[in-house]
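Notes for the structure review
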Amino acid sequence: MAWVVAHEVPTSSTMAVPHGPAGVGLARRRLRDDLRSSGAPESVVDDAALILSELLSNSCRHARPLPPDDCVRADWRRAASGDLTISVTDGGGPTRPLPATPSVTAHGGRGLSIITSLARDWGVREEDGCEGGVTVWAVVAPGDGFGSSGGFGLIDLEGIDELT
């Protein structure tokens, strides 16, 4: 006999991460864990992790951290439709994010082009109540089956005769 038990899976997560390379890895690991525990297909996990890495890397390179703790905020939310919105909020910088067309030999400048190719949509918004605060966000469309359980994941418990 097999039992299927529903457990609630978080539909959103927000974390403050250090403004620098260490924050990228921390946020990426937590995002991967959250998405895998919610049953997201590996292709969605991989795309989301790459998008988050690019957003955080761009923030580290081009923007200031948020006062007063010199961190940036990473956030991901899953809508009822299954759409996954990934965002990074920082203290802003001298320019607003725009896709670039770097030369073949350039060492950077491809981040937003990568995001454009992986995300269904992306954008930039000014943050009210946070002087100079800017959020860059991207939406990843759901893969097969991701998001269809209404915020619940299913665990198949093979061979368990009763639950206690």
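Keep in mind it's a predicted model, so treat the numbers as computed, not measured.

1. Describing the confidence of the model for the protein chain
Confidence in the prediction for the protein chain averages 76 pLDDT; 68% of positions are at 70 or higher. For the protein chain, strand S7 (residues 152-158) is the element with the lowest average pLDDT, namely 36, and strand S4 (residues 84-90) is the one with the highest, namely 95. A low-confidence stretch, residues 1-9 (pLDDT under 50), is modelled with 37 contacts involving residues beyond four sequence positions or located in other chains. Contacts of residues 147-164 to residues separated by more than four positions or lying in other chains number 39 contacts, the stretch itself having pLDDT below 50.

2. Quick word on the pattern of salt bridges
Side chains carrying opposite charge are able to pair once their charged atoms draw close together. This model, assessed by the stated rule, comprises five salt bridges. The shortest N-O distance in the salt bridge between Glu42 and Arg36 comes to 2.6 Å. A salt bridge links Arg120 to Asp83, with the nearest nitrogen and oxygen atoms 2.8 Å apart. Here the residue Arg120 occupies a position in the loop between helix H3 (111-118) and strand S5 (121-126), and Asp83 occupies one in the loop between strand S3 (71-78) and S4, the gap between them amounting to 37 residues.

3. Description of the packing of helix H1 (residues 21-37) against helix H2 (residues 42-62)
Their axes nearest at 9 Å, the elements H1 and H2 cross at an angle of 155°. The pairing of H1 with H2 is recorded here as roughly antiparallel in orientation. Crossing geometry of H1 relative to H2 is assigned as right-handed. Contacts between H1 and H2 involve Pro21, Gly23, Val24, Ala27, Arg28, Leu31, Arg32, Leu35 and Arg36 on the former and, on the latter, Glu42, Val44, Val45, Asp46, Ala48, Ala49, Leu52, Ser53, Leu56, Ser57 and Cys60. Split into classes, the residues belonging to the contact of H1 with H2 amount to 12 nonpolar, three polar and five charged.

4. Details of the sheet that holds strand S6 (residues 134-140)
Judged by pairing direction, the sheet is antiparallel, and its five strands sit side by side in the order S2-S3-S4-S6-S5 without closing on themselves. The open sheet terminates on both sides in strands that have one partner only, identified here as strand S2 (12-18) and S5. Adjacent strand axes in the sheet meet at a mean angle of 15°, parallel and antiparallel pairs treated alike. In terms of strand pairing, S3 meets S4 through six bridges, oriented antiparallel. Bridged to Arg78 within S4 is Leu84. In the packing of H1 onto the sheet, the strands contacted are S2, S3 and S4, and the crossing angle to S2 comes to about 165°.

5. Concerning H1
Its 17 residues give H1 an end-to-end C-alpha distance of 25 Å, which sits within 8% of 24 Å, the value for a rise of 1.5 Å per residue. Gly39 occupies a position one or two residues after H1 and carries a positive phi of about 85°.

6. A word on the pairing of S3
Judged by how many residues are buried, S3 sits mostly within the fold: six of eight residues are covered. Examined bridge by bridge, S2 and S3 share seven bridges and lie antiparallel to one another. Bridge assignment links Ala16 to a residue of S3, and that residue is Arg73. Where S3 folds back on S4, the antiparallel hairpin that results is connected by five residues, among which Gly82 adopts a positive phi of roughly 100°.

7. Section: the side chain of Thr89
Here Thr89 shows up in strand S4. A polar atom in the side chain of Thr89 sits 2.6 Å from the side chain of Thr135. Those residues within four positions of Thr89 in sequence are excluded, and the remaining contacts are Leu66, Val72, Arg73, Glu127, Val134 and Thr135.

Parameters at a glance
Residue positions within a chain follow its written sequence, with the count starting from 1. Thresholds applied to this predicted model are a pLDDT of at least 70 for local features of residues and 80 or more for the giving and counting of side-chain atom pairs; totals over whole chains, interfaces and linings are not thresholded and use all residues. Hydrogens and waters are ignored; side-chain quantities use all the structure's heavy atoms. You can read pLDDT as the predictor saying how much it trusts each residue, on a scale of 0 to 100. Numbered from the N terminus, helices here are DSSP runs of H or I no shorter than four residues, and strands are runs of E no shorter than two. Only heavy atoms matter for contacts: two residues are in contact if any of them lie within 4.5 Å across the pair. In the sections that follow, a salt bridge refers to a side-chain nitrogen of Lys or Arg positioned within 4 Å of a carboxyl oxygen of Asp or Glu. All axes are obtained by fitting lines to C-alpha atoms, using only the stretch in contact for helices, and the reported angles, taken between N-to-C directions, cover 0 to 180 degrees. When an angle is under 35 degrees it counts as roughly parallel; over 145 it counts as roughly antiparallel; between 65 and 115 it counts as roughly perpendicular; any other value is oblique. Take the far helix as your reference; a near helix turned counterclockwise from it by less than a right angle gives a left-handed crossing, and one turned clockwise gives a right-handed crossing. Charged residues are taken to be Asp, Glu, Lys and Arg, nonpolar residues to be Ala, Val, Leu, Ile, Met, Phe, Trp, Tyr, Cys and Pro, and polar residues to be all remaining types, Gly included. By the convention used here, strands pair only if DSSP detects at least 2 bridges between them. Helix span is expected to be 1.5 Å times the residue number reduced by one. Using a 1.4 Å probe on the protein chains alone, a residue whose accessible area is under 20% of its type maximum counts as buried, one over 50% counts as exposed, and one in between counts as partly exposed. Polar contact is the term for a pair of N or O atoms within 3.5 Å; when the atoms are in protein, one must be able to donate a hydrogen and the other to accept it, and sequence-neighboring residues count only if both atoms are side-chain atoms.

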